[in-house]
Amino acid sequence: MRAARHCGWICLFGLPTLCPQVTAADYVALAPYLRTNPVRHLRPVLEEVNKELAQADKHLTTGGVGIRLLSWGAHGPGFLQYGVEGDSLGCFAVVYLGEVPVNLDTPGYAADDIILRIESYLTAVRRASAADETDKWRFSRQEGVDAGGKLQHRSQTHDLLVAALQHVYDRRSHGAVLTAADGRKIPNLLGPRQIAVLDLTRARYFSTQLQYRPEMFPGIRSVTLLFYFLADLRFRGGTDRRPRAVTDVQLLPTDTRAGMVLKPAAEILQALFAGPASARRFVQRVFVPSGDDLEELRIRFSQRLLEAGRRDLARDERIAALKRLHQSMDGVGPALPAHRRMMLAEHIGAGLRSDAALLAGGIAALAQVLREVVASPDDYAAFRQAGDLEDVLGWIEESNEKLSRQHPELARIESLRLAEALQRLDFQAQPTPAQVNQYLSALEEVRHAATRLSRLIGPSDYRTRCLLQSLESFHENVGYRRVRQWVLPDGAIGVARQDVMFVGAPFAGSDFEASPLPPVPGLTYRLLDEADVPRNVQGQPTEPGAVRYLLLGGGSRQRRAHDRMIADLKQADEAFDLRTWSGERKQLKLPWERKKK
C-alpha cells in the first residue's frame with residue numbers, strides 16, 4: 001500500500017503503553033507542531049475519559065461480546081502552537097466491533113449485526129458514564145441514539161450498510177448523498193473500506209476541571225467523546241462467489257447538522273493519543289488501511305480546514321476562523337514559502353493570543369454551557385449545590401468589567417447589555433418554569449453580547465480575510481482549484497464549468513478524488529453552464545453542497561511547484577514522531593516503515 005513509502009523511525013516517548021483499565025496514561029502527539037504541555041493541566045479530565053472507556057470495555061468483555069477499545073485521544077485548539085487555551089475539549093475513540101460474517105445473498109442480516117454491536121457499545125458507555133458522575137464530572141447526554149439506546153436513523157443506516165457491503169467486497173470507492181440540517185444535499189466520498197453511519201455517535205460531558213494553562217478559569221466546560229468503529233468482514237457469496245476477508249472496515253459517524261461523514265485518519269495531524277500503544281494501534285488499524293499517503297492527507301486536511309475557515313468568516317466568527325487557518329497552515333507548513341509562513345504565523349498568533357478576545361470568547365462559551373446546564377434539572381441542581389453556577393457568574397462579571405475598562409470606546413454598550421442580563425440570573429434552588437425561561441433568555445443575551453464584544457475587540461475582518469486569501473493562493477499556485485458542487489433535483493452532482501475550465505487534464509497519477517468528474521459508484525457528475533448553476537430568489541448562486549480542491553492540469557510552472565510541495569512534505573513527514581510533555585524517549589519501529597538506506 002502507498003503508506004509503506006514512508007520510511008524512517010518514529011520515536012515513542014513516555015510512560016507504559018495504554019491499557020483500557022488504567023486510570024492514567026501519558027499522552028503523545030504524532031504531529032511535530034502540536035504542543036503537549038497542556039496535558040499537565042488536562043490530566044484530571046483526560047483520566048475521567050479514560051475511566052469511562054475502561055468501564056465500558058470491561059462491561060462488554062465480561063459479557064463475552066468481544067467488542068473492545070483500540071485507540072483514543074484528544075484534540076482541540078489548545079494544542080496548537082498559538083492556541084493558548086480552548087473553550088472545550090474534543091476526544092475520540094476507535095472501537096473494534098469484532099468479526100462479522102457477511103452473506104452477500106442476504107446482506108441485511110450482517111447490517112443488523114453491525115448496528116446491534118454499535119448500539120451495545122454505546123449502551124455500555126451510557127451506563128458507565130451515568131454510574132461515574134461526581135460534582136466535578138457529569139454525563140450530559142449521548143447523541144445519535146434515542147431513549148432506548150437505538151440509533152436514531154437506524155433504518156437509513158441499515159439501507160446504507162446493505163448498499164455499501166457489495167462495494168467493500170469489490171474493494172471500490174463509493175459515494176453517499178446525505179441531507180444537512182438546512183436541507184442541502186451533501187455528496188460524500190467514501191473509500192473501499194469505509195461505510196457511513198447516519199448518526200453522530202458522540203457522548204457529551206460537563207467538567208469543572210478543564211484547564212489548558214493554570215491561568216485559565218475552568219468554570220463548567222463541555223467535553224465531547226466521538227466514536228469511530230472498525231469491523232472485520234468475512235464475506236461469502238457475492239458476484240464471483242469467492243470468500244473474501246476485508247479487515248478494519250471503518251463504520252463512520254456523520255455530522256448530521258452539516259451532512260458530512262467524519263473520517264478518522266486526519267487525527268494523526270491534530271490529536272494527542274492516550275499513550276504510545278494507542279498511537280501505534282491507530283496508525284496500524286486506521287491510517288495504514290485507509291491507503292492515504294501522509295502528504296496527500298496533509299494537503300486535503302489543509303484544504304478542508306481552509307474551507308471551514310471561509311464558512312466561519314461568512315458568520316463573522318473570526319476567532320474560530322483563525323483557529324481553522326492555523327490548522328490549515330500547519331497542514332502544509334513545510335511547503336509554504338518562508339516569508340508567507342512567517343507572515344501567517346505572526347498574524348494568526350497575534351489574533352489567538354489576544355487576552356481581550358479570549359476573555360470575550362470565554363464568556364460566550366460559558367454562557368452557552370450554562371444554558372445547557374439550566375435546561376437539565378439534575379445538572380442544574382448538582383452544579384448549583386456545588387457553587388459552580390455562582391462561580392461562573394462571578395468570573396463573567398469580573399471579565400466584563402475588565403473588558404469595559406480596557407476598551408471603553410468599543411465595549412461600553414455591549415458591556416452594559418451584558419451586565420443587565422447578569423442581573424436577571426438569580427439562580428434559585430427550585431426554579432419555576434417561568435424562572436428557567438428567564439435564565440435561558442438572560443444567558444442567551446449574555447452570549448450574544450459577548451460574541452459582539454469579541455467581534456469589536458478581536459482580530460480585524462480584513463486581516464483575517466487576507467490570511468485566508470494567502471493560503472488559498474498557495475494551493476492555487478501549485479495546481480489546485482476550488483470546485484463547487486451542488487446536488488441537482490435528479491440526484492446528479494453538478495459542477496460549475498467555470499470552476500474547471502481553462503485547465504488541462506488532471507495531473508498524472510491523481511486518484512478519483514483529484515478529478516473534476518470522478519467515476520464514483522453511487523454518484524453521477526454533470527458539468528453546469530453558468531445559467532444552470534442553482535440560484536436563490538435573489539438570483540445569486542446558492543451555497544454549494546460541497547467544495548473540493550481538485551488537482552487539475554496546469555502549466556509547467558504549476559507542475560514544478562506541486563512537485564516541490566510534495567518533496568518538502570515528504571522530507572517533513574520523516575520527522576513525525578511521538579512526543580510527550582515528560583520528555584522521556586523510546587524508539588519503536590512501526591510495521592509500515594522501512595529503514596533508511
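Conventions adopted
Residues numbered from 1 in each chain as written. Predicted model: local features only at pLDDT ≥ 70, side-chain atom pairs only at ≥ 80, totals over all residues. Heavy atoms only, no water. Helix = DSSP H or I, 4+ residues; strand = E, 2+ residues; numbered from the N terminus. Contact = heavy atoms within 4.5 Å. Areas by Shrake-Rupley, 256 points an atom, 1.4 Å probe, with all protein chains shown as cover. Polar contact = N/O pair within 3.5 Å; in protein donor to acceptor, adjacent residues only side chain to side chain. Core = buried A, V, L, I, M, F, W, Y, C linked by side-chain atoms within 4.5 Å. Buried < 20%, exposed > 50% of the residue type's maximum accessible area, 1.4 Å probe, protein only. Pairing = 2+ DSSP bridges. Expected span 1.5 Å × (residues − 1). Axes fitted to C-alpha atoms, helices over the stretch in contact; angles between N-to-C directions. Parallel < 35°, antiparallel > 145°, perpendicular 65-115°, else oblique. Left-handed = near helix turned anticlockwise from the far one by under 90°. Salt bridge = Lys/Arg side-chain N within 4 Å of Asp/Glu carboxyl O. Phe/Tyr/Trp six-rings, centres within 6.5 Å; stacked < 30°, edge-to-face > 60°. Lys NZ or Arg CZ within 6 Å of the ring centre and 35° of its normal. pLDDT = per-residue confidence, 0-100. Nonpolar A, V, L, I, M, F, W, Y, C, P; charged D, E, K, R; others polar.

> Teacher, can you tell me more about the overall build of the chain here?
Helices and strands together make up the secondary structure of the chain, namely 16 helices and 19 strands. Here the analysis covers contacts within the chain between residues at least 6 apart in sequence; of these, 75% occur between residues at least 24 apart. In the structure as shown, the chain presents an accessible area of about 25,400 Å², 50% of it carried by carbon and sulfur atoms.

> Teacher, can you tell me more about the side chain of Q194 here?
Relative to the helices and strands, Q194 resides in strand β8 (residues 194–196). For Q194, the side chain forms a polar contact with the side chain of Q250, separated by 3.2 Å. Dropping the residues within four chain positions of it, Q194 is found in contact with H174, Q250, L252 and K263.

> Sorry, what's going on with the nonpolar core here?
Side chains that are nonpolar tend, in soluble globular proteins, to be buried together. In terms of nonpolar packing, the biggest core is built from 98 residues, with W72, L89, Y121, F227, L233 and L251 touching the most fellow members. Of all hydrophobic cores here, the second largest spans 37 residues; its members include V373, L422, L425 and L453.

> I tried to follow the pairing of strand β4 (residues 88–103) on my own but got confused; where do I start?
Moving residue by residue along a regular strand, the side chains alternate between the two faces of the sheet. Counting buried residues along β4, 13 of its 16 residues qualify, which places the element largely inside the surrounding structure. Inspection of the sheet shows β4 paired to strand β10 (residues 221–236) by 14 bridges, in the parallel sense. By the bridge assignment for β10, F92 is matched with L226.

> Help me understand the side chain of K323 in this model?
Considering the arrangement of structural elements, one finds K323 in helix α7 (residues 318–332). If we ignore the near neighbours within four places in the chain, the residues touching K323 are P77, L80, D87 and L352.

> Honestly, unusual backbone geometry in this entry has me stumped. Any pointers?
Both trends apply: most residues other than glycine have a negative phi, and most peptide bonds are in trans. Residues other than glycine seldom take positive phi values, yet R171 does so here, at roughly 60°. With respect to the secondary-structure elements, R171 resides in the loop between α3 (154–170) and β6 (174–179). For D248, which is not a glycine, the phi torsion comes out positive at approximately 55°. Considering the arrangement of structural elements, one finds D248 in strand β11 (residues 244–252).

> For this particular structure, what's the right way to read helix α14 (residues 461–477)?
Helical periodicity: at 3.6 residues per turn, an α-helix aligns residues three or four positions apart in one direction. For α14, which comprises 17 residues, the first-to-last C-alpha distance of 24 Å matches the rise-based estimate of 24 Å (1.5 Å per residue) to within 8%. Its buried side turned inward, α14 meets α6 (294–314), α7, α8 (338–352), β15 (480–487), β18 (546–551) and α16 (556–573).

> Mind showing me how you'd approach the packing of α6 against α14 here?
Between two packed helices, the angle of one axis relative to the other and the distance separating the axes together describe the packing. At a minimum axis separation of 11 Å, α6 and α14 run at an interaxial angle of 150°. Classed by the angle they form, the pair α6 and α14 counts as roughly antiparallel. When you trace α6 past α14, the crossing you get is left-handed. The segment α6 lies against α14, with I299, S302, Q303, L306, R310 and L313 engaging D461, T464, R465, L468, L471, E472 and H475.

> Where do I start with the pairing of β6 in this structure?
Pairing between β6 and strand β7 (residues 185–190): six bridges, direction antiparallel. From the neighbouring strand, A176 faces β7, where its bridge partner is N188.

> What is the right way to read the environment of T464 from this model?
For T464, the position within the fold is in helix α14. Residues T464 and I348 lie 116 residues apart in sequence; the distance between their C-alpha atoms is 8.3 Å. Residue contacts for T464: discarding those within four places in its chain leaves L313, R318, A321, L322, L325 and P459. For T464, the side chain forms a polar contact with the main-chain oxygen of S460, separated by 2.8 Å.

> Would you mind showing me how to read the pattern of salt bridges here?
For side chains of opposite charge, pairing can occur when their charged atoms come near one another. Scanning the model with the defined rule gives 38 salt bridges in all. When the shortest N-O distance is used, the salt bridge between D490 and R526 registers 2.7 Å. Of this pair, D490 sits in the loop between β15 and β16 (493–496) while R526 is found in strand β17 (residues 525–528), placing the two residues 36 residues apart along the sequence. On the basis of relative accessibility, which here comes to 52%, the residue D490 falls in the exposed class. Connected through shared salt-bridge partners, R141, E143, R202, R204 and E372 make up one network.

> I keep staring at the packing of aromatic side chains and nothing clicks. Help me out?
The description of an aromatic ring pair uses the distance of the two centres, along with the angle that the planes make with each other. This model, assessed by the stated rule, comprises 16 aromatic pairs. A centroid spacing of 6.1 Å and a plane angle of 75° characterise the contact between F206 and F383, whose relative ring orientation is edge-to-face. A residue pair is termed long-range when its members are at least 10 positions apart, and F206 in strand β9 (residues 202–207) and F383 in helix α10 (residues 377–385) qualify at 177 residues. Note on F217 and W395: the rings are 5.2 Å apart at their centroids and 5° apart in plane angle, and the pair reads as stacked. Placement of F217 in the loop between β9 and β10 and of W395 in helix α11 (residues 388–406) is noted, with a sequence separation of 178 residues between them. Given a relative accessible area of 16%, W395 falls into the buried group. Taken together, F92, Y228, F273 and F282 form an aromatic cluster joined through their ring pairs. Between R285 and the ring centre of Y96, over which it is positioned, the NZ or CZ distance is 5.1 Å.

> It is not clear to me how the confidence of the model for the chain should be interpreted in this structure. Could you clarify?
Caution is warranted with low-pLDDT regions, since their predicted coordinates should not be read in detail. Here the chain shows a mean pLDDT of 84. Residues at 70 or above account for 87%. For the chain, per-element mean pLDDT is lowest for strand β1 (residues 10–12), which scores 32, and highest for β9, which scores 96. Confidence drops under a pLDDT of 50 for residues 1–25, and excluding neighbours within four residues, the segment shows 91 contacts in the predicted structure. Here residues 504–516 is modelled with pLDDT under 50, and outside its nearest four sequence neighbours on either side it reaches 36 contacts, counting other chains as well.

> Even after reading the chapter, I still don't get the sheet that holds β18, so can you show me in this structure?
Hydrogen bonds between backbone groups are what pair the strands of a sheet, and the pairing can be parallel or antiparallel. Across the sheet, which stays open at both edges, the four strands sit in the order β17-β16-β15-β18 with mixed pairing between neighbours. The open sheet has two edge strands with one neighbour each: β17 and β18. Each adjacent strand pair in this sheet contributes to an overall mean axis angle of 35°, direction not counted. Both β15 and β18 contribute to a ladder of six bridges, which runs antiparallel. Its bridge partner being in β18, R482 is matched across the sheet by Y549.

> Just to check I follow, could you spell out the packing of α7 against α14 for this structure?
Interhelical geometry of α7 versus α14 gives an angle of 25° and a closest axis separation of 11 Å. The orientation of α7 with respect to α14, classified from their angle, is roughly parallel. Crossing angle aside, the handedness with which α7 passes α14 is left-handed. Along its contact with α7, which presents R318, A321, L322, L325, S328, M329 and V332, the element α14 presents D461, T464, L467, L468, L471, F474 and H475. Tallied by class, residues from the contact of α7 with α14 come to nine nonpolar, three polar and two charged.

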